[in-house]
Amino acid sequence: QVQLVESGGGLVQAGGSLRLSCAASGSIFSITTMSWYRQAPGKQREVVAVISSSGSAVYAVSVKGRFTISRDNAKNTVYLQMNSLKPEDTGVYYCMVRVVEGNAYWGQGTQVTVSS
């Protein structure tokens with residue numbers, strides 16, 4: 001079992017920045033990929049960024065060049081640095097990790113609101 005606690009969401013004006021954090025505890029030795037998803041009101045949850053255990057990252061087209069995902073394996077934490085935020089980035093952001101057995105674990109979500 002892996003427990004995830006997210007932090008760093010909030011209200012920001014368009015063009016601003018936020019940094020999300022997600023700290024993992026529990027069976028952390030089995031974590032492989034770490035990801036950020038988001039869900040806007042009335043829309044399906046979508047992947048924002050994924051980072052492998054070796055640090056390779058992939059991004060959704062909509063955030064590429066503006067968002068950066070990183071991880072600190074010593075702290076069992078994944079981050080999402082969000083710059084040049086747009087109103088369409090508004091939503092609940094979720095951290096998700098996968099373990100070697102294939103299971104996925106989700107955080108509780110943190111609200112990001114970007115005002116125009």
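These numbers come from a predicted model, not from an experiment. (Residues numbered from 1 in each chain as written. Predicted model: local features only at pLDDT ≥ 70, side-chain atom pairs only at ≥ 80, totals over all residues. Heavy atoms only, no water.)

### So, the sheet that holds strand β1 (residues 2-7)
The strand order β1-β3-β8-β7 describes an open sheet built from four strands, whose pairing is antiparallel. With one partner strand each, in any of the chains shown, β1 and β7 (67-72) form the two edges of the open sheet. Averaged over all neighbouring strand pairs, the angle between strand axes comes to 15°, with direction disregarded. For β1 and strand β3 (residues 18-26), the ladder comprises six bridges, and the chain directions are antiparallel. Paired with Gln-3 across the strands is Ser-25, a residue of β3. (Pairing = 2+ DSSP bridges. Helix = DSSP H or I, 4+ residues; strand = E, 2+ residues; numbered from the N terminus. Axes fitted to C-alpha atoms, helices over the stretch in contact; angles between N-to-C directions.)

### Examining the pattern of salt bridges
Any two side chains of opposite charge can pair if their charged atoms end up close together. Tallying each qualifying case throughout the model produces three salt bridges. With a shortest N-O distance of 2.7 Å, Glu-46 and Arg-38 are connected by a salt bridge. Linked by salt bridges that have partners in common, Arg-38, Glu-46, Arg-66 and Asp-89 make up one network. (Salt bridge = Lys/Arg side-chain N within 4 Å of Asp/Glu carboxyl O.)

### A few points about the nonpolar core
Trp-36, Leu-80, Met-82 and Tyr-93 are the most contacted members of the largest nonpolar core, which has 28 residues in total. For this core, the secondary-structure elements that each account for two or more residues are β1, β3, β4 (31-39), β5 (46-51), β7, β8 (77-82), β9 (91-99) and β11 (110-115). Setting aside its immediate chain neighbours within four residues, Met-82 contacts Gly-16, Ser-17, Leu-18, Leu-20, Arg-66, Phe-67, Tyr-93 and Val-112. (Core = buried A, V, L, I, M, F, W, Y, C linked by side-chain atoms within 4.5 Å. Buried < 20%, exposed > 50% of the residue type's maximum accessible area, 1.4 Å probe, protein only. Contact = heavy atoms within 4.5 Å.)

### Focus on the side chain of Asp-89
Checked against the element boundaries, Asp-89 lands in the loop between β8 and β9. A residue is classified by how much of its surface remains accessible, and Asp-89, at 0% relative accessible area, is buried. There is a polar contact of 2.8 Å between the side chain of Asp-89 and the backbone nitrogen of Lys-86. The contact partners of Asp-89, leaving out residues within four places of it in the chain, are Arg-38, Arg-66, Phe-67, Ser-84, Val-112 and Val-114. (Polar contact = N/O pair within 3.5 Å; in protein donor to acceptor, adjacent residues only side chain to side chain.)

### Considering the state of the cysteines
All chains considered together, the criterion is met by one disulfide. Residue Cys-22 pairs covalently with Cys-95 via a disulfide, S to S 2.2 Å. On the sign convention where negative is left-handed, the bridge of Cys-22 and Cys-95, at about -80° about the S-S bond, is left-handed. In this pair, Cys-22 sits in strand β3 while Cys-95 sits in strand β9, placing the two residues 73 residues apart along the sequence. Judged by relative accessible area, Cys-22 falls into the buried class, the value being 0%. By relative accessible area, which is 0% here, Cys-95 ends up buried. (Disulfide = S-S within 2.5 Å.)

### A few points about the environment of Thr-77
Tracing the backbone shows Thr-77 in strand β8. Residue class for Thr-77 comes out buried when judged on its relative accessible area of 8%. Sequence spacing of Thr-77 and Ala-23 is 54 residues, and the spatial spacing of their C-alpha atoms is 4.4 Å. Setting aside chain neighbours within four positions, we find Thr-77 in contact with Ser-21, Cys-22, Ala-23, Met-34, Ser-70, Arg-71 and Asp-72. Separated by 2.8 Å, the side chain of Thr-77 and the backbone oxygen of Lys-75 make a polar contact.

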